Amino acid sequence: MSDKTVFAIGSGKGGVGKTTTTVNLGTALAQTGERVAIVDTDLGMANLAGFVSLSTESTTLHDVLSGNASVSDATYPLTDNIVAVPSGTGLEEYAETSPEGLRDVVDELREKFSYVFLDVGAGVSHETVLPLGLADAVLVVSTPEPASVHDTKKTLELTDHARGNAGGLIITRTRSESNVSPEDIASRLGIPLVGSIPDDPAVRESLYAGTPLVVYDSQRPAAVAYKQLAADFSDIVSEIGTADGSADLRSEPAITGAGPDPDRSTSTEGGPERVSDTETDS
Ligand SMILES: Nc1ncnc2c1ncn2[C@@H]1O[C@H](COP(=O)(O)OP(=O)(O)OP(=O)(O)O)[C@@H](O)[C@H]1O
Ligand SMILES: [Mg+2]
């Protein structure tokens, strides 16, 4: 059993697969028997509800943070072992929320679940910083695109700023023809690689179906990758350092096995701005 329960799923750039990762990693862990809660902490641009066919008309995290509902009022069972706490999508409700109350929400969920995943808004706003600091570890999500990798660096800085613990990197939408490996990106960012998820059109299909891909079609490449990540998760998590720095592995990939890329530049000077050989999505 891991000493870490609460994971923030963050990113610099938006649209890189945070919610997809939250939903599919959470569901895959639930399928292995873990009790999981997934929470939409992207208060301004909430979108987790649609991924799992929940209505945002009912009680949401916004109501909890504005003092009008309890956490259990905003907690909805999805399938076996997994619940979701969605956020509302209305700007009016959002205006009334007080993100500071999130700590209490997280503390309450921490007591009841083996894993709590916080789907964090992209960018650098106040409400983004807060969950990064509350989590036991932050998992940053990026595609291999240079812009996404570049913005990941900002999220890592923001995590430090929030006294959070940057636990690892998940690269999404990888392509076999790419000339940059997820290991390479992780080493350039100085953070362990915890997983990589292939680009897979089935992800979008499952979104339209309002069903996590690992349930919608568990044989598709991205589903297989999320299930593998879930299977390895407790081992990965035990290798991630804690916020007090008791095991700082930031320069060592948590997953090994993929040898060094012979083409990769060994210089990390200049940071991810130098990731000029990264693929683009065009
Ligand atoms: N592995 C993948 N393969 C193909 N498409 C993907 C993959 N992961 C995510 N996508 C697609 O990318 C889009 C963005 O994904 P998602 O909503 O999970 O990102 P996000 O980081 O939560 O975005 P936002 O910052 O807007 O909340 C979606 O249309 C999704 O279907
Ligand atoms: Mg999202």
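In the nomenclature of an unreviewed UniProt entry, the protein is known as Cell division protein of Halostagnicola larsenii XH-48.

Each helix and strand in the protein was counted, giving eleven helices and eight strands. A buried classification covers 52% of the 282 residues belonging to the protein. Within the protein, contacts between residues at least 6 apart in sequence are counted, and of these 77% link residues at least 24 apart. Summed over its atoms, the accessible surface of the protein is roughly 12,300 Å², and 47% of this surface lies on carbon and sulfur atoms.

Per the stated rule, a full pass over the model turns up six aromatic pairs. Ring centres 5.1 Å apart and planes at 65 degrees place the aromatic pair phenylalanine 7 and phenylalanine 233 in the edge-to-face group. Of this pair, phenylalanine 7 sits in strand S1 (residues 6–10) while phenylalanine 233 is found in helix H11 (residues 221–239), placing the two residues 226 residues apart along the sequence. Both residues of the pair, phenylalanine 7 and phenylalanine 233, count as buried. Here phenylalanine 117 and phenylalanine 233 contribute two aromatic rings whose centre-to-centre distance is 5.8 Å and whose plane-to-plane angle is 55 degrees, an arrangement assigned as tilted.

Before going further, it helps to examine the pairing of strand S6 (residues 137–142). Counted residue by residue, S6 has six buried out of six residues, so it is predominantly covered. Every second residue of S6 is oriented toward a common face, with Ala137, Leu139 and Val141 on one face and Val138, Val140 and Ser142 on the other, all of them buried. Relative to S6, S1 is paired through four bridges, and the arrangement is parallel. Counterpart to isoleucine 9 in the pairing with S6 is leucine 139. Pairing geometry for S6 and strand S7 (residues 166–174), over five bridges, is parallel. Its bridge partner being in S7, valine 140 is matched across the sheet by leucine 169. Tracing the backbone out of S6, into helix H7 (residues 146–161) and back to the parallel element S7 gives a crossover that is right-handed.

We now examine the site of ligand 1. Contacts to ligand 1 come from 17 residues, most closely from Gly17, Lys18, Thr19, Thr20 and Asp200. Residue glycine 17 places a main-chain N or O atom 2.9 Å away from an oxygen atom belonging to ligand 1. The separation between a nitrogen atom of ligand 1 and a polar main-chain atom of proline 198 is 3.0 Å. Across the complex, the protein chains shield 87% of the 630 Å² of accessible surface that ligand 1 would expose by itself. Mapped by element, the contributors of at least two residues to the shell around ligand 1 are helix H1 (18–31), strand S8 (193–198) and helix H9 (202–209). A per-class count over the shell around ligand 1 returns six nonpolar, six polar and five charged.

Our focus in this paragraph is the nonpolar core. Ranked by size, the top nonpolar core spans 40 residues in total, and within it Leu61, Val105, Leu109, Val116 and Leu169 carry the most contacts. Excluding residues within four positions of it along the chain, valine 105 makes contact with Leu61, Val64, Leu65 and Val71.

Attention now moves to the environment of glycine 15. Along the chain, glycine 15 falls in the loop between S1 and H1. Placed 106 residues apart in sequence, glycine 15 and glycine 121 show a C-alpha to C-alpha distance of 10.0 Å.

Positionally, threonine 128 belongs in helix H6 (residues 126–134). A relative accessible area of 3% means that threonine 128 is categorised as buried. If we skip the residues at most four places from it in the chain, threonine 128 touches Val120, Gly121, Ala122, Gly123 and Leu158.

Thresholds, definitions, all that
- Residues numbered from 1 in each chain as written.
- Chains lettered and ligands numbered in written order.
- Predicted model: local features only at pLDDT ≥ 70, side-chain atom pairs only at ≥ 80, totals over all residues.
- Heavy atoms only, no water.
- Helix = DSSP H or I, 4+ residues; strand = E, 2+ residues; numbered from the N terminus.
- Buried < 20%, exposed > 50% of the residue type's maximum accessible area, 1.4 Å probe, protein only.
- Contact = heavy atoms within 4.5 Å.
- Areas by Shrake-Rupley, 256 points an atom, 1.4 Å probe, with all protein chains shown as cover.
- Phe/Tyr/Trp six-rings, centres within 6.5 Å; stacked < 30°, edge-to-face > 60°.
- Pairing = 2+ DSSP bridges.
- Right-handed = clockwise from strand over helix to strand, strands pointing away.
- Near = heavy atom within 4 Å.
- Polar contact = N/O pair within 3.5 Å; in protein donor to acceptor, adjacent residues only side chain to side chain.
- Nonpolar A, V, L, I, M, F, W, Y, C, P; charged D, E, K, R; others polar.
- Core = buried A, V, L, I, M, F, W, Y, C linked by side-chain atoms within 4.5 Å.

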